[in-house]
Amino acid sequence: MPIDPPPAPTPSPTRPPIPGLSKVGAVVIAFGLLFDLVEHDLSHVGDPRIGAFPLAEHAAHLVVLIGMVLVLVGVVADGIRLERRRRRLEGAPRHALR
């Protein structure tokens with residue numbers, strides 16, 4: 001009695017693409033982290049200060065924060081866009097009472 005081979009595995013669903021704005025945000029974060037690393041390692045004798053930290057360190061932290069906001073905005077905007085597309089494909093009437 002011959003043994004049947006196991007069925008071929010079904011292909012896994014493809015992952016949705018990463019939103020473009022989130023990719024830009026990730027690049028900005030990477031640049032900000034590099035900028036932050038350089039600023040923390042360099043000597044800051046005579047640099048203008050805000051509080052106890054040089055101005056350049058504050059700028060590096062701001063760049064990282066801007067990158068985080070870009071990633072978040074990209075994810076939220078993509079989610080809203082996909083939800084609208086899904087509703088449109090379902091054919092929900094626009095005049096329905098909700």
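Residues numbered from 1 in each chain as written. Predicted model: local features only at pLDDT ≥ 70, side-chain atom pairs only at ≥ 80, totals over all residues. Heavy atoms only, no water.

Asker: Can you tell me about the pattern of salt bridges, naming the residues and giving the values?
Answerer: If charged atoms from side chains of opposite charge come close, those side chains can pair. One pass over the structure, following the stated rule, counts one salt bridge. The partner of Asp78 in a salt bridge is Arg81, with the nearest N and O atoms 2.2 Å apart. With Asp78 and Arg81 both in helix 2 (residues 55-90) and three residues apart, this pair spans about one turn of that helix. Judged by its relative accessible area of 15%, Asp78 falls in the buried class. The class of Arg81 is partly exposed, set by a relative accessible area of 41%. (Salt bridge = Lys/Arg side-chain N within 4 Å of Asp/Glu carboxyl O. Helix = DSSP H or I, 4+ residues; strand = E, 2+ residues; numbered from the N terminus. Buried < 20%, exposed > 50% of the residue type's maximum accessible area, 1.4 Å probe, protein only.)

Asker: Can you tell me about a nonpolar patch on the surface, naming the residues and giving the values?
Answerer: A grouping of Leu21, Val24, Leu62, Leu65, Ile66, Met68, Val69 and Val73 is seen on the molecular surface, where their side chains present a nonpolar patch of about 680 Å² in accessible area. Listed by contribution, the elements that provide at least two residues to the nonpolar patch are helix 1 (20-41) and helix 2. As for its position among the elements, Leu65 is in helix 2. (Patch = residues over 30% accessible without salt bridge, like charges linked within 9 Å, V, L, I, M, F, W, Y side chains within 5 Å. Areas by Shrake-Rupley, 256 points an atom, 1.4 Å probe, with all protein chains shown as cover.)

Any functional reading would require information that these geometric values do not contain.
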